[in-house]
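Analysis of the macromolecular model
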Amino acid sequence: MSHLCVLLLLLTTGFISCKKGSTATDDSQAYNPSEEVVVSDFFPKTGGSGQQLVIYGKNFGDDKSIVSVKIGGVDATVITVHDDAIYCLVPNKGYTGEIEVNVGEETNQQTAMANEAFDYQRRMVVTTLAGKKDERGNYDIKDGTFADCGGFQNPTWLTFDPKNPNLLYMGQDGSDIRLLNFKDSTVTTPITRGMGGWSRIRTIAFTLDKNYMIIANDQGDVNGISTSILSRANNFKDPQVLTSYRQCNGASVHPVNGELYFNSFEKGQFYRFDLNRYFENHDLGIKDYQLLYLIQDNGWEFQIDIAPTGDYAYIVVINQNYILRTDYDWNSKTFLQPYVVCGEARAGNAWVDGVGTSARLAGPYQGVFVKNPDYAGKKDEYDFYFTEQSNNDIRILTPEGKVTTFAGRGSPSLDNDTKGLVDGGLRTEARFFTPRGLAYDSTNQVFYVGDCDNHCIRKISLEN
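Residues numbered from 1 in each chain as written. Predicted model: local features only at pLDDT ≥ 70, side-chain atom pairs only at ≥ 80, totals over all residues. Heavy atoms only, no water.

Let us now look at the overall build of the chain. When you go through the chain residue by residue, the secondary structure sums to three helices and 38 strands. On the principal axes, the C-alpha backbone points of the chain span a range of 95 × 45 × 40 Å. When the 464 residues of the chain are sorted by exposure, 52% land in the buried category. In the chain, once contacts between residues fewer than 6 apart in sequence are set aside, the share between residues at least 24 apart is 50%. A total of about 20,500 Å² of accessible surface is found on the chain, and carbon and sulfur atoms cover 46% of it. One finds the centroid of the 43 positive side-chain charges in the chain at a distance of 6 Å from the centroid of its 58 negative side-chain charges. (Helix = DSSP H or I, 4+ residues; strand = E, 2+ residues; numbered from the N terminus. Buried < 20%, exposed > 50% of the residue type's maximum accessible area, 1.4 Å probe, protein only. Contact = heavy atoms within 4.5 Å. Areas by Shrake-Rupley, 256 points an atom, 1.4 Å probe, with all protein chains shown as cover. Lys, Arg positive; Asp, Glu negative; His and termini not counted. Charge placed at Lys NZ, Arg CZ, Asp CG, Glu CD.)

A separate point is the pairing of strand β19 (residues 225-231). Of all seven residues making up β19, seven are buried, and the element is well covered by its neighbours. For strand β18 (residues 212-217) and β19, the ladder comprises five bridges, and the chain directions are antiparallel. Note on β19: the bridge partner recorded for Met213 is Leu230. Relative to strand β20 (residues 240-244), β19 runs antiparallel, the two sharing four bridges. Pairing of Ser228 across the sheet is with Val241, part of β20. (Pairing = 2+ DSSP bridges.)

We now examine the side chain of Glu388. Following the sequence through the fold, Glu388 ends up in strand β32 (residues 382-388). Sequence-distant contacts of Glu388, that is, excluding residues within four places in its chain, are made with Trp351, Arg360, Leu361, Ala362, Gly363, Pro364, Asp393, Arg395 and Pro435.

The description of an aromatic ring pair rests on the distance of the ring centres and on the angle between the ring planes. For the coordinates displayed, the defined rule picks out 33 aromatic pairs. With a centroid separation of 5.2 Å and 85° between ring planes, the pair formed by Phe262 and Tyr289 is classed as edge-to-face. Of the two residues, Phe262 sits in strand β22 (residues 260-264) while Tyr289 sits in the loop between α3 (275-281) and β24 (290-294), which places them 27 residues apart along the sequence. By relative accessible area, Phe262 is classed as buried at 0%. Tyr289 gets classed as buried once you look at its relative accessible area, which sits at 17%. Three or more aromatic residues link up through ring pairs in this structure, and these residues are Tyr261, Phe270, Tyr293, Tyr328, Trp330 and Phe335. Taking the ring centre of Phe42 as reference, the NZ or CZ of Lys45 above it sits at 4.2 Å. Cation over ring: Arg409 sits above Trp351, and NZ or CZ is 3.8 Å from the ring centre. (Phe/Tyr/Trp six-rings, centres within 6.5 Å; stacked < 30°, edge-to-face > 60°. Lys NZ or Arg CZ within 6 Å of the ring centre and 35° of its normal.)

Of all hydrophobic cores here, the largest spans 24 residues; its most connected members are Leu53, Ile55, Phe60, Val69 and Ile86. If you look at the next biggest cluster of nonpolar residues, it comprises 16 residues, including Tyr385, Ala407, Ala430 and Phe432. (Core = buried A, V, L, I, M, F, W, Y, C linked by side-chain atoms within 4.5 Å.)

With that settled, the discussion passes to the pattern of salt bridges. Within the structure shown, the criterion is met by 22 salt bridges. One salt bridge connects Glu266 with Arg246, and the closest N-O pair in it is separated by 3.1 Å. With Glu266 in the loop between β22 and β23 (269-273) and Arg246 in the loop between β20 and β21 (251-253), the pair connects residues that are 20 residues apart, well separated along the chain. With a closest N to O distance of 3.8 Å, Glu381 and Lys371 form a salt bridge. Remark: Lys371 occurs in strand β31 (residues 364-371) and Glu381 occurs in the loop between β31 and β32; sequence separation between them is ten residues. (Salt bridge = Lys/Arg side-chain N within 4 Å of Asp/Glu carboxyl O.)

Okay, the sheet that holds strand β17 (residues 201-206) next. By way of backbone hydrogen bonds, the strands of a sheet pair with one another, either parallel or antiparallel. In spatial order, the strands read β17-β18-β19-β20; together these four strands make up an open sheet with antiparallel pairing. Edge positions in the open sheet fall to β17 and β20, since each of these has one partner strand only. Taking each pair of neighbouring strands and ignoring which way they run, the sheet shows an average axis angle of 25°. (Axes fitted to C-alpha atoms, helices over the stretch in contact; angles between N-to-C directions.)

A word on the pairing of strand β26 (residues 312-317). The buried fraction of β26 is high, at six of six residues. The alternating pattern of β26 places Tyr312, Tyr314 and Val316 and Ala313, Ile315 and Val317 on opposite faces, both of which are buried. Turn length for the strand β25 (residues 302-306)-β26 hairpin, with the two strands adjacent in sequence and antiparallel, is five residues, and the turn residue Gly310 shows positive phi of about 80°. As paired elements, β26 and strand β27 (residues 322-329) share six bridges and run antiparallel to each other.

Let us now look at the layout of surface pockets. Space inside the largest pocket adds up to approximately 1,700 Å³. Around the largest pocket, the lining comprises 50 residues; the ones closest to its centre are Phe160, Pro308, Val368, Phe369 and Tyr440. With six residues, the top contributor of residues to the lining of the largest pocket is β31. The residue inventory of the lining of the largest pocket, partitioned by class, reads 31 nonpolar, twelve polar and seven charged. (1 Å grid on protein atoms, 1.4 Å probe; cavity = no way out; pocket = protein on both sides within 12 Å on 5 of 7 lines; lining within 4 Å. Points joined across faces, edges and corners; volume = space filled by probe spheres on them. Nonpolar A, V, L, I, M, F, W, Y, C, P; charged D, E, K, R; others polar.)

Written as structure tokens, this is what we have:
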């Protein structure tokens, strides 16, 4: 039987499973211990975990119970056996790819090896890095190693220290700022909510020179703290009020020119604060900021994510399920009136992959820009990955406005739910429960997710 014929058979009918004592083909026959077992070929040559694989040879017999296969030293699932072909599934972590076939009873077993290795392609998977809760949903809050740090109260915002990629700051809405140190795999609490008199710590950003941290604070008083500034020189222990207003959901620094943009939930205000002048002239007070525009109606919660190039920013409208884009005017050094790029205002919670306003979102939250090598040479080389707390997933927004689902909502065989704590393949197995925080390590190509109702940090990376 040719490789093409076998492949067509797999695609049209799937693997054939036979009842004990029956034969899959007219020429099937029992294993003969006096004859050599031979592996002559396999197909396909490359793939990852769960890949359907056919191993060709002779004297495999037709009794699956006496046939085993290892790929890369890991047991593969054997589906069915003919005398000249074994149908199996590539196992997890079969990295080296050597194919080993064993046939016969344990006391009289033959082993045959393929002449070449299967090219195992590692897949992206979701794992749990740190934090946990018990079966009743209870968790401790404590510092310690990743393994014993307890759970996280509300990991809603994740930001790497721009001077030290081993440090990941975690904002917890309504609680303290935690710090994950990847060098020694520990979690500490370097900044407490009481230090700055903050009500709700919403976002964490850094100035262009990387020497100051800016914390966005959400509280009701019009004379309250909207943003605070903390210096690296003082170990971020010296919070000072930077700007003052009410209900700030987020603050971001322009990655090229350095000015600060922040918002207010009150009327959807989008403000600009001249950080450069603040540092150079020291003549700006906590109310010396500029209102650029209102994004929509009153009471629309949103956050601001500026592209690494500085050419534009996405305004993620959390409680109205859509994303705006605002383009940057390099002459005036400010952002212009925004427009919708995906989702639709007042459409309600829904999950639909699509382009522009045909896409449907549910509680989009933090986003990160990830350079896509397929866009090399184009004006915009970045996709925008963002969490969705109500859809329990991670989505991707392309520069053209196309929205697809990257991870989450997996394990459909478990139940009809989309939420949970399940590690594994991005879409086939993995589940989140109200993911909000998101950070990306571009050097190692790893995502970190603040999985709020699982009270933990999840990791998305190549399996290892």
